[in-house]
Amino acid sequence: MKHIIGGNPAPVSLEVKWLTVDEESAGQRLDNYLIRHLKGVPKTHVYRIIRSGEVRVNKGRASADSRIATGDVVRLPPVRISDKVAEKAAHPAPGREFPVLLEDDALLALDKPAGVAVHGGSGVSFGVIEQLRQARPQAKLLELVHRLDRDTSGILLVAKKRSALKHLQDQFRERETGKTYLALVQGQWPVKNKVIDLPLHKFLLPDGERRVRVTTAEDPEGMRSITLVKVAERLNGCTLLEVTIKTGRTHQIRVHLASQGHPIAGDDKYGDFEWNKILQKQGRKRMFLHAWRLQFNHPLSGERVELHAPLPSELQQFKDHDRLQTPAV
């Protein structure tokens, strides 16, 4: 490889590579297969080397949408990557295991701690998936099935087979999963407010940071978003909610709850900043949002699986603190 984009050329070999497609990769489009193997190479360049015929499948030309099969031999020409990507490859993420809720041949269910991104990007050099891959170099495949916000703890699914990845992602897309979170919000949540059906609109701040707001049904960029809310426990000045999302929009729970006048404790984007300052002085520094329960059909057996991730200690203490201050009835 020759490192010439974004810096001076690096003295590395310019060798052609030959990859044999394994069972896990069978059925993929050629372009997706290459993008996975040519990390750091711009997608425009990937498509260019396919069109030019530099990429060969079983010694023949192939189009980007060609499906590869087990045993196919794919020729990869020398490619260019940036110095930044080369530096990242030279200093990989530190290997790390995370608490396991369920593991079998098809999938891995983790209890993700707060403060850890699920993957690198947007100013984060690495996340759960990069650390997990480093900790398990023998694993043939580890891919995120879905995402959690960096500051949200709880259940995170990782696929160990490509067939399982597709099966599980189809369930998330078709709303066949059950995703329930625990959220502590400011004030007393109204008993009658059980469904929030408000479209959400994503936008960027001047500094490029992503934000979401509630919009109207007439907004062409608004995405319908549905959140179900159930009161789990009433505490001193706040309410613990069980929140089930029927759509998986960016920051959906945080924005929907804040739009009702009941922001999540510790939410630094959509929360009550004065309340957050008070909580921080009390030592309660993280956002109280936890992916507590997940239901899905197992990709191999088809059986319905229900997982629970207990509240992490810092959130349990957070809740207990407010419960102790709740006046007796």
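Residues numbered from 1 in each chain as written. Predicted model: local features only at pLDDT ≥ 70, side-chain atom pairs only at ≥ 80, totals over all residues. Heavy atoms only, no water.

A. Region of the structure containing the pattern of salt bridges. In the structure shown here, the tally under the stated rule is 16 salt bridges. Its salt-bridge partner being Asp268, residue Arg254 comes within 3.7 Å of it at the nearest N-O pair. Note that Arg254 is positioned in helix 6 (residues 252-259) and Asp268 in the loop between helix 6 and helix 7 (273-281), a separation of 14 residues in sequence. Salt bridges sharing common partners tie together Glu97, Glu103, Arg136 and Lys160. (Salt bridge = Lys/Arg side-chain N within 4 Å of Asp/Glu carboxyl O. Helix = DSSP H or I, 4+ residues; strand = E, 2+ residues; numbered from the N terminus.)

B. Seen up close, the nonpolar core. The biggest cluster of nonpolar side chains holds 28 residues, and the ones touching the most others in it are Val158, Ile253, Leu257 and Ile264. Elements with a contribution of two residues or more to this core: strand 7 (107-112), helix 4 (128-135), strand 9 (153-159), strand 10 (178-186), strand 15 (238-245), helix 6 and strand 16 (289-297). Dropping the residues within four chain positions of it, Val158 is found in contact with Leu107, Leu108, Leu110, Ile129, Leu132, Leu142, Glu143, Leu144 and Val145. (Core = buried A, V, L, I, M, F, W, Y, C linked by side-chain atoms within 4.5 Å. Buried < 20%, exposed > 50% of the residue type's maximum accessible area, 1.4 Å probe, protein only. Contact = heavy atoms within 4.5 Å.)

C. Examining the sheet that holds strand 4 (residues 73-76) more closely. Taken in spatial order, the three strands make up an open sheet running 2-4-3, and their pairing is antiparallel. Edge positions in the sheet fall to strand 2 (17-20) and strand 3 (56-57), since each of these pairs with one other strand and no more. Both strand 3 and strand 4 contribute to a ladder of two bridges, which runs antiparallel. Note that in strand 4 the partner of Val57 across the bridge is Val74. Packing of helix 1 (residues 30-37) onto the sheet brings it into contact with strand 2, strand 3 and strand 4, and relative to strand 4 it is tilted by some 60°. (Pairing = 2+ DSSP bridges. Axes fitted to C-alpha atoms, helices over the stretch in contact; angles between N-to-C directions.)

D. Representation of helix 4 within the structure. Regarding helix 4, the residues found buried are Val128, Ile129, Glu130, Gln131 and Leu132. Considering only its buried residues, helix 4 is in contact with strand 7, strand 8 (143-144) and strand 9.

E. Up close: helix 1. Along helix 1, the residues classified as buried are Leu30, Asp31, Tyr33, Leu34 and Arg36. Tucked into the core, helix 1 has its buried residues touching strand 2, helix 2 (43-51), strand 3, strand 4, strand 8 and helix 5 (162-173).

F. Representation of the packing of helix 1 against helix 2. With their axes 10 Å apart at the nearest point, helix 1 and helix 2 run at an angle of 125° to one another. In terms of orientation, helix 1 and helix 2 fall into the oblique class. Handedness of the helix 1/helix 2 crossing: right-handed. From helix 1, Leu30, Asp31, Leu34 and Ile35 reach across to helix 2, where they touch Lys43, Val46, Tyr47 and Ile50. (Parallel < 35°, antiparallel > 145°, perpendicular 65-115°, else oblique. Left-handed = near helix turned anticlockwise from the far one by under 90°.)

G. Fine view of unusual backbone geometry. The residue Lys59 is not glycine, and still its phi comes out positive at about 70°. Within the element layout of this structure, Lys59 appears in the loop between strand 3 and strand 4. The phi torsion at His251 lies on the positive side, around 55°, for a residue other than glycine.

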